Amino acid sequence: MMTFAELRMQLTPKQSNALFDVPLLYAMLCLIGIGFVMVTSASMPVAERLYNNPYGIAMRHGVFLGLGFFLFWFSTSVPMDWWKKCNPYLLFFGLFLLCLVLVVGREVNGSKRWIPIGPIGFQVAEAAKLYFFSYIAGYLVRKREEVQENLKGFAKPIAVFAVYALLILKQPDLGTVVVMFVTTVGLLFLAGAKLWQFFMLILTGIGLIVVLIVFEPYRWRRVTGFLDPWDDPFGAGYQLVQSLMAYSQGGWFGQGLGNSVQKLQYLPEAHNDFIFAVIAEELGFVGVTSILLLLGVLVFRALLIGQKALKHGKEYEGYFALAIGIWFAFQTMVNIGASAGILPTKGLTLPFVSYGGSSFLIMVIAAGVLQRIDFETKLSSRQATARNGRR
């Protein structure tokens, strides 16, 4: 399989640029740039307190950006055949990491999700998500007829998901489990699973999530705080109340970059889980709408890449791209919905915008995989056209 560099040498600049999904690339770069500016703005009060340097968190984020661009380039250079052959091994590697973090992981705020690597911690559930989606894509290629025809084929990936979910809930991290569940359900539906199986899975999943919430006090407090945050504005509803206050002060054009009041130690996780509230306060409705449009382009292009790959007979690549698109879309919806009071508070980052090294690096790799899928789909199309022309 040719690399980008080898193929570019054989094509004109116009043809070469066509091998990249330019809207996807621009949307990602714009989100990364906006994210860096907003992380810097939102994190200054916290960084001053933690590091005695208002740019402490921004500098750490900058390091992740540099590493992220390298990983993006590297992931665009890895042939999809490698992902296809290695997806069972990646699945077991993900299981190993999820077991390892429970033994040697660093505990933060009651959660043991990070494996310490020098001065930083790597959140293994983020990598596990990507490995699991790669496995599901491979499984659907191998067992598509079985998934469509009988319950056994449908149940196997659910059993694998259950093992992953159990280990992730031990950390605990319900948000990641929900993202993986929704993505799995979406892929099975697109692969042609029967409707009764589809609805049975959804109802079972919703029932289990309700049980997990009801029997875990801190999750139940989040739900009650979400339903009526003003009933306990300094307790269970504190984060949401402060977030809604940030939204209310944004107006059309916001208070101006750097002028957020809520980020001044009022809104917890202002540079991470609730960065969209700070964006709403500082950039207003116009800024919020612009970022939503960029995220919409990102998701739309991911789904379009998956659809094109399936049309050209690249089933593994197509399902993998669709999984990434669903993942980005749902995580965006949960992050923004939680900060706006539409959904219960959940610790999920906003793709390419929030501070969060592990999440950012894995999403950059996923974006690189999308570019690689698009590259190989276009390359196979060109080769097929050239063969037909010679005939």
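Please refer to the structure placed before this passage.
Residues numbered from 1 in each chain as written. Predicted model: local features only at pLDDT ≥ 70, side-chain atom pairs only at ≥ 80, totals over all residues. Heavy atoms only, no water.

Undergrad: I'd like a description of the nonpolar core, backed by residues and values.
TA: The nonpolar side chains of a soluble globular protein tend to be buried with one another. Ranked by size, the top nonpolar core spans 107 residues in total, and within it W83, F320, W327, F328 and F352 carry the most contacts. When residues of this core are assigned to their parent elements, the largest contribution, 15 residues, is made by helix 13 (residues 275-311). Contacts of F320, omitting those with residues within four sequence positions, involve M80, W83, L130, F133, S134, A137, V369 and I373. (Core = buried A, V, L, I, M, F, W, Y, C linked by side-chain atoms within 4.5 Å. Buried < 20%, exposed > 50% of the residue type's maximum accessible area, 1.4 Å probe, protein only. Helix = DSSP H or I, 4+ residues; strand = E, 2+ residues; numbered from the N terminus. Contact = heavy atoms within 4.5 Å.)

Undergrad: Run through a nonpolar patch on the surface, naming residues and quoting values.
TA: Taken together, the side chains of I206, V210, V211, V214 and F215 present a nonpolar region at the surface, about 480 Å² in accessible area. Tracing the backbone through its elements, the reader meets V210 in helix 10 (residues 195-214). (Patch = residues over 30% accessible without salt bridge, like charges linked within 9 Å, V, L, I, M, F, W, Y side chains within 5 Å. Areas by Shrake-Rupley, 256 points an atom, 1.4 Å probe, with all protein chains shown as cover. Salt bridge = Lys/Arg side-chain N within 4 Å of Asp/Glu carboxyl O.)

Undergrad: Go over the sheet that holds strand 2 (residues 111-117) with me, naming the residues and quoting the values.
TA: Within the open sheet, the three strands sit side by side as 1-2-3. Their pairing is antiparallel. Strands at the two margins of the open sheet, each flanked by one partner only, are strand 1 (106-108) and strand 3 (120-123). Direction aside, the axes of adjacent strands within the sheet are offset by 50° on average. Pairing analysis gives three bridges linking strand 1 to strand 2, with the strands arranged antiparallel. Residue pairing across strands places R106 opposite W114, the latter belonging to strand 2. (Pairing = 2+ DSSP bridges. Axes fitted to C-alpha atoms, helices over the stretch in contact; angles between N-to-C directions.)

Undergrad: How would you sum up the packing of aromatic side chains? Please name residues and give values.
TA: By convention here, two paired aromatic rings are described through the distance between centres and the angle between planes. Counted by the stated rule, this structure contains 18 aromatic pairs. Look at F132 and F161: their rings are 6.1 Å apart centre to centre, the planes differ by 50°, and that puts the pair in the tilted class. Here the residue F132 occupies a position in helix 6 (residues 124-142), and F161 occupies one in helix 8 (residues 151-169), the gap between them amounting to 29 residues. Classification of F132 as buried rests on a relative accessible area of 0%. Aromatic pair F328 and F352: ring centres 5.7 Å apart, planes at 85°, arrangement edge-to-face. Of this pair, F328 sits in helix 14 (residues 315-339) while F352 sits in the loop between helix 14 and helix 15 (357-390), and the two are 24 residues apart along the sequence. (Phe/Tyr/Trp six-rings, centres within 6.5 Å; stacked < 30°, edge-to-face > 60°.)

Undergrad: Hey, could you go over the side chain of T377 for me, with residue numbers and the actual values?
TA: By the secondary structure assignment, T377 is in helix 15. Sequence-distant contacts of T377, defined by excluding residues within four places in its chain, comprise K308, A309, H312 and K314.

Undergrad: Please provide a residue-by-residue account of the pairing of strand 2, values included.
TA: Relative to strand 3, strand 2 is paired through four bridges, and the arrangement is antiparallel. Along strand 3, the bridge assignment pairs P116 with G121. Linking strand 2 to strand 3, which pair antiparallel, is a turn of two residues; within it G118 sits at a positive phi near 65°.

Undergrad: Tell me about the pattern of salt bridges, residues and numbers included.
TA: If charged atoms from side chains of opposite charge come close, those side chains can pair. The full count for this structure, using the stated rule, is six salt bridges. Its salt-bridge partner being E282, residue K263 comes within 3.2 Å of it at the nearest N-O pair. One end of the pair, K263, is in the loop between helix 12 (238-248) and helix 13; the other, E282, is in helix 13, and 19 residues separate them in sequence. As far as burial versus exposure is concerned, K263 and E282 are alike and both buried. Where E376 meets R372, a salt bridge forms, and the shortest distance between an N and an O atom there is 2.8 Å. Remark: R372 and E376 occur in helix 15; sequence separation between them is four residues, near one turn of the helix.

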